[in-house]
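A closer look at the structure
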Amino acid sequence: QVQLVESGGGLVQAGGSLRLSCVASGGTGSSYAMGWFRQAQGKEREIVAAISWSRATTHYAESVKGRFTISREKVKNSASLQMNSLNAEDTAVYYCAADDRTSSVVAGRAGYWGQGTQVTVSS
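Just so it is clear, the structure is predicted and the values come from calculations on it, not from any experiment.

1. Let's talk about the overall build of the chain
The helix and strand tally for the chain stands at one helix and eleven strands. Moving toward the C terminus, one meets the helices and strands of the chain in the order β-β-β-β-β-β-β-β-β-α-β-β. A compact globule built from 123 residues would reach a C-alpha radius of gyration of about 14 Å, and the chain, at 13 Å, matches this within 12%. Viewed in the frame of its principal axes, the chain has a C-alpha envelope of about 45 × 25 × 25 Å. The buried share of the chain, reckoned over its 123 residues, is 41%. Pairs at least 24 apart in sequence give 57% of the contacts found in the chain among residues at least 6 apart. When the accessible area of the chain is evaluated, it comes to approximately 6,600 Å², of which 44% is carbon and sulfur surface. Taking the average location of the 12 positive side-chain charges in the chain and that of its 9 negative ones, the two points are 6 Å from each other.

2. Notes on the nonpolar core
Ranked by size, the top nonpolar core spans 29 residues in total, and within it Met 34, Trp 36, Leu 81, Met 83 and Tyr 94 carry the most contacts. Counting residues per element, the ones that place at least two in this core are strand E3 (18–25), strand E4 (33–39), strand E5 (46–51), strand E7 (68–73), strand E8 (78–83), strand E9 (92–99) and strand E11 (117–122). Formed by six residues, the second largest nonpolar core is a distinct cluster that contains Phe 37, Ala 50, Ala 97 and Ala 110.

3. What to know about the pairing of E3
Covered by surrounding structure in E3 are Leu 18, Leu 20, Cys 22 and Ala 24 only, the residues Arg 19, Ser 21, Val 23 and Ser 25 on the alternate face being uncovered. Inspection of the sheet shows strand E1 (residues 3–7) paired to E3 by five bridges, in the antiparallel sense. Looking at the pairing, Leu 4 lines up with Ala 24 of E3. The pairing of E3 with E8 spans six bridges and is classified as antiparallel. The residue bridging Val 23 from the neighbouring strand is Ser 78, located in E8.

4. Here's the deal with the pattern of salt bridges
All told, the structure shown has six salt bridges when counted by the stated rule. Of the charged contacts in the structure, one is a salt bridge between Arg 38 and Glu 46, with a shortest N-O distance of 2.9 Å. Between Lys 65 and Glu 62 there is a salt bridge whose closest N-O contact spans 2.8 Å. Looking at Lys 65, the relative accessible area reads 45%, which means it is partly exposed.

5. Things to note about the sheet that holds E1
The strand order across the open sheet built from four strands is E1-E3-E8-E7, with neighbouring strands paired in antiparallel fashion. Edge positions in the sheet fall to E1 and E7, since each has one partner strand and no second. Between one strand axis and the next, the sheet turns by 15° as a mean value, whatever way the strands run. In terms of strand pairing, E7 meets E8 through six bridges, oriented antiparallel. In the strand pairing of E8, Ile 70 is matched with Leu 81.

6. Description of the environment of Ser 21
With respect to the helices and strands, the residue Ser 21 is situated in strand E3. Put simply, Ser 21 and Glu 46 are 25 residues apart on the chain and 18 Å apart in space, counted from C-alpha to C-alpha. The contact partners of Ser 21, leaving out residues within four places of it in the chain, are Val 5, Glu 6, Ser 7, Trp 36, Ala 79 and Ser 80.

What counts, and where the lines are drawn
Residues numbered from 1 in each chain as written. Predicted model: local features only at pLDDT ≥ 70, side-chain atom pairs only at ≥ 80, totals over all residues. Heavy atoms only, no water. Helix = DSSP H or I, 4+ residues; strand = E, 2+ residues; numbered from the N terminus. Rg over C-alpha atoms; globule rule 2.2 N^0.38 Å. Buried < 20%, exposed > 50% of the residue type's maximum accessible area, 1.4 Å probe, protein only. Contact = heavy atoms within 4.5 Å. Areas by Shrake-Rupley, 256 points an atom, 1.4 Å probe, with all protein chains shown as cover. Lys, Arg positive; Asp, Glu negative; His and termini not counted. Charge placed at Lys NZ, Arg CZ, Asp CG, Glu CD. Core = buried A, V, L, I, M, F, W, Y, C linked by side-chain atoms within 4.5 Å. Pairing = 2+ DSSP bridges. Salt bridge = Lys/Arg side-chain N within 4 Å of Asp/Glu carboxyl O. Axes fitted to C-alpha atoms, helices over the stretch in contact; angles between N-to-C directions.

Next comes the structure, spelled out in structure tokens:
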């Protein structure tokens with residue numbers, strides 16, 4: 001099975017930045033579309049950003065457009081989420097997701113999920 005490991009979460013002041021990383025390993029495939037989701041306390045999980053593997057086509061939630069940037073490295077089979085201008089509304093557990101099909105990731109139906117990393121933004 002594919003394993004996804006997130007890193008880079010932590011505590012940051014409002015207006016600051018963090019960079020999350022997700023590395024995929026194992027499985028039988030050689031490439032995956034990847035994405036980031038988040039779940040704040042008391043709220044449902046929501047998509048943050050996604051990126052296709054072949055063309056690096058990106059998708060962003062309206063709430064993070066212009067502030068967050070998703071990227072991927074094909075050789076390392078990894079993805080990153082650069083988060084700038086963070087505010088308290090960004091506080092959540094962030095999860096990495098991956099799937100052979102970009103559409104599955106975008107739709108929140110990815111076959112593989114990481115354990116999550118906590119991002120806390122002080123107001």
